[in-house]
Amino acid sequence: MEQRNIEQRYAIKFCVKLGDSVMKTYGKLVKVFGDEALSRAQVFRWHKNFKNGRESVGDEPRSGRPVESRTDNNVQRVRTLVRQDRRSTVRILADELNLKRETVRKILTDDLSMKKLCAKMVPKNLSAEQKHVRMSISQDCLEQVEADPTLLDRVITGDKSWYFQYDPETKRQSQQWLSPGAARPKKARMNKSKVKTMMICFFDSKEY
């Protein structure tokens with residue numbers, strides 16, 4: 001039995017003693033434990049059990065207890081589910097496969113050598129057809145330049161961009177080192193500037 005699960009069951013029991021509703025209890029667990037919090041169904045079940053007089057936080061002996069071993073079969077099961085939905089969380093995979101979260105986490109990181117990364121921001125996400133069109137246009141341009149070396153001397157290009165008058169200071173930018181007992185600094189909430197200026201520039205193949 002995971003120590004984290006035991007801690008949360010004690011927390012649920014404590015909330016029941018305080019008279020907290022099941023939704024309020026679930027909200028507190030999510031706030032404290034984050035992604036490691038028990039699922040909503042589990043919180044509802046334990047909240048109901050403690051409300052009906054249950055005192056023990058341990059699991060009762062049952063044949064369907066979650067499997068803990070990192071067998072080849074379980075590794076394959078995890079691999080299959082992750083390939084179906086690569087945004088699945090450890091908690092979702094554990095509930096789906098009836099495995100412990102720590103077991104699933106070790107399978108993902110140790111056995112499958114996987115890690116969860118955010119999507120990389122790119123200027124454009126072109127399809128295969130769009131890439132082919134761009135390549136064809138580029139080849140045409142190269143052929144024209146080879147046929148007429150002075151072509152670029154007659155080409156003027158431009159670009160534009162909007163610039164805000166000011167940008168609010170981010171939370172990270174406002175961080176500062178403080179001595180023990182020093183008062184926490186304050187700052188007023190600011191919205192992004194509504195005033196902005198467009199900058200336009202033109203240039204050709206010659207350098208001045």
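Note that the structure is a prediction, hence the values are computed from the model and not measured.

Helix and strand content of the protein chain: seven helices and two strands. Taking 2.2 N^0.38 as the reference for a compact globule, 208 residues should give roughly 17 Å; the C-alpha atoms of the protein chain span a radius of gyration of 29 Å, well beyond that estimate. Referenced to the eigenvectors of the C-alpha coordinate spread, the extents of the protein chain come out at roughly 90 × 55 × 30 Å. Looking at the 208 residues of the protein chain, the share that counts as buried comes to 20%. Of the charged side chains in the protein chain, 43 are positive and 27 negative; the average position of the first set lies 11 Å away from that of the second.

Following the UniProt record, the feature "domain: Mos1 transposase HTH" (unreviewed entry) maps to residues 9–53 here. End-to-end, the C-alpha atoms of residues 9–53 are 14 Å apart, and along that stretch the chain is 76% helix and 0% strand.

At a minimum axis distance of 9 Å, the contact between helix α5 (residues 90–97) and helix α6 (residues 101–111) shows a crossing angle of 110°. Put simply, α5 runs roughly perpendicular to α6. When you trace α5 past α6, the crossing you get is right-handed. From α5, Val90, Arg91, Leu93 and Ala94 reach across to α6, where they touch Arg101, Val104, Arg105 and Leu108. Residue composition of the contact of α5 with α6, by class: five nonpolar, no polar and three charged.

Our next topic: the environment of Cys15. Along the chain, the position of Cys15 falls in helix α1 (residues 3–18). Of the residues examined, Cys15 reaches a relative accessible area of 8% and is grouped as buried. For Cys15 and Leu151, which are 136 residues apart along the polypeptide, the C-alpha to C-alpha distance reads 77 Å. Leaving out residues up to four positions away in the same chain, Cys15 has contacts with Asp20, Thr25 and Lys28.

Parameters at a glance
Residues numbered from 1 in each chain as written. Predicted model: local features only at pLDDT ≥ 70, side-chain atom pairs only at ≥ 80, totals over all residues. Heavy atoms only, no water. Helix = DSSP H or I, 4+ residues; strand = E, 2+ residues; numbered from the N terminus. Rg over C-alpha atoms; globule rule 2.2 N^0.38 Å. Buried < 20%, exposed > 50% of the residue type's maximum accessible area, 1.4 Å probe, protein only. Lys, Arg positive; Asp, Glu negative; His and termini not counted. Charge placed at Lys NZ, Arg CZ, Asp CG, Glu CD. UniProt positions renumbered as here; feature names shortened; annotations may be inferred. Axes fitted to C-alpha atoms, helices over the stretch in contact; angles between N-to-C directions. Parallel < 35°, antiparallel > 145°, perpendicular 65-115°, else oblique. Left-handed = near helix turned anticlockwise from the far one by under 90°. Contact = heavy atoms within 4.5 Å. Nonpolar A, V, L, I, M, F, W, Y, C, P; charged D, E, K, R; others polar.

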